[in-house]
Amino acid sequence: MMRWWIASILCAAVMLSAPLQGHHNFADIYLEADTIDIEGEVVEFDYRNPHSWIHIEARDAFGAPKIYSGEWASVSRLERDGNTKDFFKPGDRPRMWASPNRNPNDNRVRIKRLERRRDKWKW
């Protein structure tokens, strides 16, 4: 009987000492101090948890078309702000200011600010 308790305590100690990996640190993926300005056409709006994504086709620094994937807020936060799954549709032309990815070959960015000119909406 005593060995069961010892094994349970050891198991709990190991589990509690392991780092929690439930959510990533944005600074590990994105250059938080930097901001890039992206304006283009929505290809897809992926409304999901833990983060929604806006995929925008825009021109890169050399004028070539490139799809940027902007990591945005959770569904609950977007809904609290009045944004639904139909808020962005393919063809919409938003402008986003975002933190670029640490990997220059990765087109994922973290959205800091977002605007849509046609209705003057801002986030």
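Above: the structure in question.
Since we're looking at a predicted model, the values are computed, not measured. (Residues numbered from 1 in each chain as written. Predicted model: local features only at pLDDT ≥ 70, side-chain atom pairs only at ≥ 80, totals over all residues. Heavy atoms only, no water.)

(A) Representation of the overall build of the protein. Helix and strand counts for the protein stand at three helices and seven strands. Along the protein, helices (α) and strands (β) appear in the sequence α-α-β-β-β-β-α-β-β-β when read from the amino end. Taking all 123 residues of the protein together, the buried fraction comes to 32%. Surface summary for the protein: the accessible area is close to 8400 Å², and the carbon and sulfur share equals 56%. (Helix = DSSP H or I, 4+ residues; strand = E, 2+ residues; numbered from the N terminus. Buried < 20%, exposed > 50% of the residue type's maximum accessible area, 1.4 Å probe, protein only. Areas by Shrake-Rupley, 256 points an atom, 1.4 Å probe, with all protein chains shown as cover.)

(B) Structural view of the nonpolar core. One finds F45, I54, W72, F88, M96 and L114 to be the most contacted residues of the largest nonpolar core, which totals 20 residues. Taken together, the elements giving at least two residues each to this core come down to β2 (41-46), β3 (53-59), α3 (75-80), β5 (94-99) and β6 (108-116). Leave out the neighbours within four places in its chain, and F45 touches S52, W53, I54, W72, L78, T84, K85, F87 and F88. (Core = buried A, V, L, I, M, F, W, Y, C linked by side-chain atoms within 4.5 Å. Contact = heavy atoms within 4.5 Å.)

(C) Layout of the packing of aromatic side chains. Taken as a whole, this structure holds 10 aromatic pairs when the rule is applied. Seen in terms of ring centroids, W72 and W121 are 6.1 Å apart; in terms of plane orientation they differ by 85°. Their pairing is edge-to-face. Of this pair, W72 sits in the loop between β4 (65-71) and α3 while W121 sits in strand β7 (residues 121-122), placing them 49 residues apart in sequence. A residue is classified by how much of its surface remains accessible, and W72, at 4% relative accessible area, is buried. The class for W121 is buried, based on a relative accessible area of 15%. Ring geometry for W72 and W123: centres 5.4 Å apart, planes at 85°, overall edge-to-face. Of the two residues, W72 is situated in the loop between β4 and α3 and W123 in the segment after β7; the sequence distance between them amounts to 51 residues. (Phe/Tyr/Trp six-rings, centres within 6.5 Å; stacked < 30°, edge-to-face > 60°.)

(D) How the structure looks around the environment of D28. Residue position: D28 is located in helix α2 (residues 26-29). Its relative accessible area of 57% is what places D28 among the exposed residues. A sequence separation of 73 residues divides D28 from N101, and the C-alpha atoms of the two residues are 9.3 Å apart.

(E) Quick look at the pattern of salt bridges. Counted according to the given criterion, the structure contains 11 salt bridges. Two residues, D37 and R95, come together in a salt bridge whose shortest N-O distance is 2.3 Å. Placement of the pair is D37 in strand β1 (residues 36-39) and R95 in strand β5, with a sequence separation of 58 residues. What makes D37 partly exposed here is its relative accessible area of 41%. Owing to a relative accessible area of 23%, R95 belongs among the partly exposed residues under this scheme. (Salt bridge = Lys/Arg side-chain N within 4 Å of Asp/Glu carboxyl O.)

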